[in-house]
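A closer look at the structure
One letter stands for each residue in the lines below.
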Amino acid sequence: MIFMNDDKAVILSLQHVTKAFGKNTVLDDMSLDVREHEIVVLCGPSGGGKSTLLRTINGLEKINDGKIIYRGEQVTNKNIKNIRKHIGIVFQSFNLFDNLTVRDNLIIAPVKVLKKSKEEAIRQAQEFMDTFGISDKMDAYPHQLSGGQKQRVAIVRAMMMEPDIMLFDEPTSALDPEMIKEVLDAIRRLAQIGMTMIIVTHEIAFAKEVASRMLFLESASIRVDAPTEEFFTGVQDERLQKFLSVILK
Amino acid sequence: MGFNWRILAGTRDMYLDGLLVTILYSIVAIIIAVLWGILIGSINFRRVKGLSLITRAYTTFFRETPLLVQIYFWFYGLSRIMPVSASVIGVMALVFNDGAFIAEIVRGGLQSIDRGQEEAAYSLGFSKSQTLFYFLIPQAVRKTQDSIMNMVSIIIKDTSLLMWITITELTYVAHRVNSKFYQPITAYLTAAAFYFTLFLIVQGIKKLMDRRAEKKNGLIAT
């Protein structure tokens, strides 16, 4: 397990980020630094702002106040398109392109956005698909896949961009129990190769295993931010204890 | 009265010429109207500043006024300002009118697509227009394929109005045959039979497209 290490470069920095939908504040002055090879897991009750936080990093939600800095560069409307190429995101509902085969889902962004050659992209896609045990599904359409297969394809699709950091927005919440494991195994693989990740999940046992750092979000703020071991044993926070006692049951 | 086969034998070549003109205008109008409808539907969907205001006004106006009035408007109005042939005006009138209906169909299709598709595209670094082109429009067209094919049938029937601006298509031929022989049943029923045949061909194409779409969209097991 990799612990927070101040020497490592900060990839992503959220500074006093505030986001409101109308009068409803969902992110209230949140600050967070993510360093290379860190795996940060966000947990907490629904409505705590976990998903919104992830989505702001990718520019899918605009922030009302504060700054998001990616590798020293402040994220703006102008550079967001470019920065997105380096930030992979995996959604709860997969969001594979329904009109394309798995192969085309995987290669379209590398070919059209990164201007890679088609042959190179296909070769790379095949390699990833082998690693994740779904190489026989290249010609299938998304609707022909199980939920677990869809999510693994979605992970590969994001990885095809050779991202710097991967964001997971409740990647297993829409899955049947027997499919959760295959997706978690895929994420474990990314952990092994040192991928920097921010994961929103309710799978606390999994979080405990892979996370280098855990954040507890509640009522639009980061209530606890601690290295994993300390998070589960050493933090004196009434709300966190209550949340853990419910979720660990 | 009744159906007169003898007249038919004598006017066969006229009818075939008319049919050919109808098919030609239909094909050209269908291709341009579908592309035009996709373009306008996409602009309406995206709410492009300023532009969408114009395209929305256009869609409403051209859907809610009669096609024949529009044809006359272009034929007598536009030809005063610039020299345009009747055939260009004919195609143009069909495209503007039927294209407006297709635009609304396409816009509805685009709106029915899950927002996650767009978000996934943006998160991979695609621009708004790339997202429309690669993901949203193909999905919208497939979703609305049946309604668009209905418009294809309508466009074929709409070409009959072009007889009023000197285009010698199928209905025009029927009209001439009738005024020559005073045999309205023969003259018009023959034309109707040709239109109906075209309709059956469109239905056949539609079936083939449905079968392909089912394979891709999983409406039936493959």
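Our structure is the block above this text.
Because the structure is a prediction, the values reported are computed rather than measured. (Residues numbered from 1 in each chain as written. Chains lettered and ligands numbered in written order. Predicted model: local features only at pLDDT ≥ 70, side-chain atom pairs only at ≥ 80, totals over all residues.)

1. Looking at the overall build of chain A
Summing up its helical and strand segments, chain A has nine helices and ten strands in all. In terms of overall size, chain A behaves like a compact globule, its C-alpha atoms giving a radius of gyration of 18 Å where 249 residues would be expected to give roughly 18 Å. When its C-alpha atoms are laid out on the principal axes, chain A stretches across 50 × 45 × 40 Å. Here chain A, with 249 residues, has 45% of them falling under the buried criterion. A separation of at least 24 residues holds for 70% of the contacts in chain A among residues at least 6 apart in sequence. (Helix = DSSP H or I, 4+ residues; strand = E, 2+ residues; numbered from the N terminus. Rg over C-alpha atoms; globule rule 2.2 N^0.38 Å. Buried ≥ 20, exposed ≤ 12 C-beta atoms within 10 Å, placed from the backbone. Contact = placed C-beta atoms within 7 Å.)

2. A short note on the overall build of chain B
When you go through chain B residue by residue, the secondary structure sums to nine helices and zero strands. The secondary structure elements of chain B, listed N-terminal to C-terminal, are α-α-α-α-α-α-α-α-α. A buried classification covers 37% of the 222 residues belonging to chain B. Long-range pairs, those at least 24 residues apart, make up 74% of the contacts in chain B with a sequence separation of at least 6.

3. Re the sheet that holds strand 2 (residues 24–35) of chain A
Residue and element names in this part refer to chain A. As summarised here, the arrangement of the four strands in space is 2-1-4-5, forming an open sheet in which the pairing is antiparallel. In the strand order of this sheet, the two ends are held by strand 2 and strand 5 (73–74), each with one partner. The pairing of strand 4 (residues 65–70) with strand 5 spans two bridges and is antiparallel. Looking across to strand 5, one finds that Tyr70 is bridged to Glu73. Contacting strand 1 (10–21), strand 2 and strand 4, helix 1 (residues 50–57) runs over the sheet at an angle of about 60° to strand 2. (Pairing = 2+ DSSP bridges. Axes fitted to C-alpha atoms, helices over the stretch in contact; angles between N-to-C directions.)

4. Observations concerning the nonpolar core
Counting 126 residues, the largest nonpolar core has A:Val41, A:Leu42, A:Val156, A:Leu167 and B:Ile102 as its most contacted members. Looking at this core element by element, the count peaks at 13 residues for helix 4 (residues 86–111) of chain B. Apart from residues no more than four positions distant in its own chain, B:Ile102 is found in contact with B:Ala33, B:Val34, B:Gly37, B:Gly41, B:Ile148 and B:Met151. (Core = buried A, V, L, I, M, F, W, Y, C linked by C-beta atoms within 7 Å.)

5. With respect to the interface of chain A and chain B
Across the contact, 20 residues belong to chain A and 19 residues belong to chain B. Looking at the side of chain A that touches chain B element by element, the count peaks at three residues for helix 3 (residues 102–112) of chain A. Taken together, the residues of the side of chain A that touches chain B sort by class into nine nonpolar, six polar and five charged. (Nonpolar A, V, L, I, M, F, W, Y, C, P; charged D, E, K, R; others polar.)

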